[in-house]
Amino acid sequence: TNEKHIYPCFVELINFVAELVVRPLLDQQPTSSDQKPKRLVRSYRKTDVKPDNAEGRRRIDMALKCDALNNNSSSDDDEYDEDSIQFSEERLKAKDGRKDERPNYSRIFAVVEVKPDTSAANIEKGLAQLVEYSKGVYWNQHNRRFIWGLVSGGSDVKACILGPNFLLASQFMDVTTAAGRLELIRFLVNWSFCELPKLGYDPTIRFNRVHKCFTIDMADSNEPMPTQTTYYLRKIVVFAERVFGRHTRCFIVGRQPPSLEAKSDNSGDILIKDAWPEVSGLAEDDMRDESKLLKRVSNGLAGHSEFNGLYPKYISGGRMQIQNTRGEPLKTIQSIPELVVVIYDVMRCHMGILKHCQILHRDISEANILVRRDNA
């Protein structure tokens with residue numbers, strides 16, 4: 001069987017479930033707040049296509065997206081993208097010719113890989129392809145913690161969660177049986193009703209439709225009930241594009257929206273490092289806790305002015321840390337002399353932290369070196 005023959009059936013099934021989910025709203029049927037969907041999950045109609053914002057020529061079989069149902073909300077923030085959609089009968093039934101029908105990595109919620117059968121080789125290949133597709137989603141969506149995926153082998157469907165360094169997969173749901181169809185439909189419907197973190201989105205990172213930038217909520221301290229400050233993203237200096245690992249991201253942020261800041265304003269010289277390391281035991285006992293290590297570095301080098309500007313000074317945070325530093329990736333170096341200067345400063349700081357803080361950094365690499373050019 002040609003797998004391309006399965007694409008239209010899968011698209012129609014997912015969009016049929018979406019229509020049933022939103023039908024009470026379109027018919028203006030009275031529903032309680034806990035019975036109203038929070039979003040609509042639909043399939044892009046274009047299949048076997050290279051998504052927008054993709055690198056290389058890799059095509060994906062299918063992709064799903066979340067459409068917000070919060071047009072009447074007073075919030076300026078969007079959970080999924082800058083575009084919230086007002087649903088109507090025409091909008092729901094629209095087929096071809098819509099600008100958003102080609103999958104876009106900045107909006108894809110879940111990726112789908114279709115295989116002609118459930119042979120072990122096909123399913124293993126399908127899972128590997130989902131992992132590869134996840135790179136494009138993580139690169140373009142800065143608020144994703146994990147990504148959903150579906151593998152269809154003929155009439156059997158397996159749901160997957162693609163995390164930073166793990167992949168979880170369900171048992172097969174056989175859509176040729178009533179029980180299998182019911183299980184899959186319940187699964188799809190739950191996506192429209194569940195809380196945002198269960199979809200893999202971080203609710204503290206949102207797109208602000210008014211200022212056309214992402215905002216990041218950060219705790220002002222490590223107290224049990226800390227106050228929060230909202231920062232406005234100005235630049236991303238480290239992307240989460242790797243298949244495995246901690247998916248570390250680094251953001252340059254400011255306290256004001258970029259559109260309201262003067263060009264000479266330095267309020268954007270704050271770096272937020274967003275990293276999610278695995279913890280095998282209690283978090284407070286983790287010897288690799290970067291927040292604790294950064295505090296030790298800040299305290300240990302406080303009286304050594306020769307290291308100023310060479311290391312990030314910890315301000316606050318947990319898995320996200322605010323640091324008073326800024327910089328560009330190592331790949332922005334423009335000459336060999338610049339590289340020599342950077343490596344010299346890196347090793348000088350490395351030895352200073354070892355000597356004064358008793359911390360040995362064992363993973364100095366391109367991924368954790370930022371380059372800063374001063375006026376001098």
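Residues numbered from 1 in each chain as written. Predicted model: local features only at pLDDT ≥ 70, side-chain atom pairs only at ≥ 80, totals over all residues. Heavy atoms only, no water.

Draft legend 1. Molecular detail of the environment of Pro-103. Inspection of the secondary structure puts Pro-103 in the loop between α2 (89–93) and β4 (108–115). Distance in space between the C-alpha atoms of Pro-103 and Val-49 is 7.8 Å, their sequence separation being 54 residues. (Helix = DSSP H or I, 4+ residues; strand = E, 2+ residues; numbered from the N terminus.)

Draft legend 2. Highlighting the pairing of β4. Here β4 lies mainly inside the structure; 8 of its 8 residues are buried. As paired elements, strand β2 (residues 62–68) and β4 share 4 bridges and run antiparallel to each other. Pairing of Lys-65 across the sheet is with Ile-108, part of β4. As defined by bridge partners, β4 adjoins strand β5 (residues 147–153) across 6 bridges and the pair is classed as parallel. (Buried < 20%, exposed > 50% of the residue type's maximum accessible area, 1.4 Å probe, protein only. Pairing = 2+ DSSP bridges.)

Draft legend 3. Looking closely at the nonpolar core. Counting residues in hydrophobic clusters, the biggest one holds 51 residues, and the most contacted among them are Met-62, Leu-64, Ile-108, Phe-109, Leu-150, Trp-191 and Leu-199. Listing elements by their share of this core, those giving two or more residues are α1 (7–26), β1 (39–43), β2, β4, α3 (120–140), β5, β6 (156–162) and α4 (178–193). With 8 residues, α1 is the largest single contributor of residues to this core. (Core = buried A, V, L, I, M, F, W, Y, C linked by side-chain atoms within 4.5 Å.)

Draft legend 4. Inspection of empty space enclosed by the protein at higher detail. Enumeration over the complete set of coordinates arrives at 2 cavities of 30 Å³ or more. In this structure, the largest cavity occupies an estimated 50 Å³ of space. Along its surface, the largest cavity is lined by Ile-14, Val-17, Ala-18, Val-21, Val-41, Leu-188, Val-189, Trp-191 and Ser-192. At the level of secondary structure, the elements contributing two or more residues to the lining of the largest cavity comprise α1 and α4. For the lining of the largest cavity, a count of residues per class yields 8 nonpolar, 1 polar and no charged. (1 Å grid on protein atoms, 1.4 Å probe; cavity = no way out; pocket = protein on both sides within 12 Å on 5 of 7 lines; lining within 4 Å. Points joined across faces, edges and corners; volume = space filled by probe spheres on them. Nonpolar A, V, L, I, M, F, W, Y, C, P; charged D, E, K, R; others polar.)

Draft legend 5. Spatial organisation of helix α5 (residues 290–300). When we look at burial in α5, the residues that qualify are Glu-290, Ser-291, Leu-294, Val-297 and Ser-298. Within α5, the buried residues cover an arc of 120 degrees as seen down the axis, which keeps them to one side. (Arc of directions from axis to C-beta.)

Draft legend 6. Region of the structure containing the side chain of Glu-113. Structurally, Glu-113 can be placed in strand β4. Accessibility expressed as a relative area gives 1% for Glu-113, which makes it buried. Apart from the residues within four sequence positions on either side, Glu-113 is in contact with Asp-61, Gly-126, Gln-129, Leu-130, Tyr-133, Leu-150, Val-151 and Ser-152. (Contact = heavy atoms within 4.5 Å.)

Draft legend 7. Quick peek at the packing of aromatic side chains. The full count for this structure, using the stated rule, is 8 aromatic pairs. Aromatic pair Phe-146 and Trp-148: ring centres 6.2 Å apart, planes at 70 degrees, arrangement edge-to-face. For the pair formed by Phe-146 and Trp-148, the shared burial category is buried. With a centroid separation of 5.3 Å and 85 degrees between ring planes, the pair formed by Phe-207 and Phe-214 is classed as edge-to-face. Look at Phe-207 and you get buried, because its relative accessible area is 11%. Over the aromatic face of Tyr-201 sits the side chain of Arg-144, whose NZ or CZ is 4.3 Å from the ring centroid. The ring centre of Phe-172 lies 4.2 Å from the NZ or CZ of Lys-158, which sits over that ring. (Phe/Tyr/Trp six-rings, centres within 6.5 Å; stacked < 30°, edge-to-face > 60°. Lys NZ or Arg CZ within 6 Å of the ring centre and 35° of its normal.)

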